[in-house]
Amino acid sequence: MGHEIAPLSRFDDRDVERVEDQRLYTGFFDLEKRRLRHRKFNGEWSEVLDREVHVRRDAVGVLLYDPVRDEVVMVEQIRAGALDDDTSPWKLEPVAGLVEQGESPADVARREAQEEAGCEVRELIELHRYYPSPGACTEQVTLFCGLIDSQGIGGVHGLEEEHEDILVHVMSFPEAWDRLMAGQLDNAMALIGFHWLARERATLRAMA
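What you are looking at is a predicted structure, and each value in this text was computed from that prediction instead of being measured.

Reading guide: rules and limits
Residues numbered from 1 in each chain as written. Predicted model: local features only at pLDDT ≥ 70, side-chain atom pairs only at ≥ 80, totals over all residues. Heavy atoms only, no water. Helix = DSSP H or I, 4+ residues; strand = E, 2+ residues; numbered from the N terminus. Buried < 20%, exposed > 50% of the residue type's maximum accessible area, 1.4 Å probe, protein only. Contact = heavy atoms within 4.5 Å. Areas by Shrake-Rupley, 256 points an atom, 1.4 Å probe, with all protein chains shown as cover. Disulfide = S-S within 2.5 Å. Core = buried A, V, L, I, M, F, W, Y, C linked by side-chain atoms within 4.5 Å. Salt bridge = Lys/Arg side-chain N within 4 Å of Asp/Glu carboxyl O.

Here we take up the overall build of the protein chain. Along its length, the protein chain carries three helices and eleven strands. For the protein chain, the N- to C-terminal ordering of α and β elements is β-β-β-β-β-β-β-α-β-β-β-β-α-α. On the principal axes, the C-alpha backbone points of the protein chain span a range of 60 × 40 × 35 Å. Burial analysis of the protein chain (208 residues in total) assigns 36% to the buried set. A fraction of 54% describes how many contacts in the protein chain between residues 6 or more apart in sequence connect residues 24 or more apart. Counting every atom, the protein chain has about 12,700 Å² of accessible surface; 49% of that belongs to carbon and sulfur.

This is the structure in structure tokens:
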């Protein structure tokens, strides 16, 4: 993941006072109202602030790539957050899932590749760990590239008990990149993963 670099910010959790956390809603995700005050850049303390925060389990994404065939495997499913999308609420994304208790991110990546795409991962490369929306959400995402054999991959997958209806797409890297540039792969996991893969693709192919 690269060499050690000292944190830029001089602040840490000692510079925040958690006045009160109030649970507003409990469901697939929880919603909390957090009252807090924090140290300001001028050294003073802020007033008490109210912030609503989605409390979510951490997630894992895995961009599936076959370096021999130069193909990627993506999944398409309806997304409730995109119901107002001008084109379609069905989104083309890397395989992804939430971390269950006792699982490592690598465990999740391999499990979701099998559940969503019927695919065995030969090797996992961790790319990044990031907050998709730290102003509103506790979730952190661990993103992998999973090296696979794409031969025979396809069809509709997903867990019936989770009401998943997931269509698998296998396409060449150039086609996928063109779709990314055309705005058709409009989610953070795809954008981050494909820009990494564009940089490392030649190396992965040479090692295959």
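Time to look at the state of the cysteines. A complete count under the given rule lists zero disulfides for this structure. Here Cys145 stays free of any disulfide, with the sulfur of Cys119 as its closest cysteine sulfur at 11 Å. By relative accessible area, Cys145 is classed as buried at 0%.

Okay, the nonpolar core next. Ranked by size, the top nonpolar core spans 25 residues in total, and within it Tyr65, Val72, Met74, Leu185, Phe194 and Leu197 carry the most contacts. Elements with a contribution of two residues or more to this core: strand S4 (59-66), strand S5 (71-78), strand S7 (95-98), strand S8 (123-130), strand S9 (141-147), helix H2 (173-181) and helix H3 (188-207). Ranked by residue count, the leading element in this core is H3, at six residues. Not counting residues within four places of it along the chain, the set of residues in contact with Tyr65 comprises Asp70, Glu71, Val72, Cys145, Gly146, Leu147, Ile148, Leu197, Arg201, Leu204 and Arg205. Counting residues in hydrophobic clusters, the runner-up holds 19 residues, among them Val62, Val73, Val75 and Val95.

This next bit is on the pattern of salt bridges. Tallying each qualifying case throughout the model produces 24 salt bridges. In this structure, Glu139 and Arg56 form a salt bridge, with 3.5 Å as the shortest nitrogen-oxygen distance. Within this pair, whereas Glu139 is found in the loop between S8 and S9, its partner Arg56 is found in the loop between strand S3 (49-55) and S4, the two being separated by 83 residues in sequence. Among the salt bridges present, the one from Asp186 reaches Lys91, with a minimum N-O distance of 2.8 Å.

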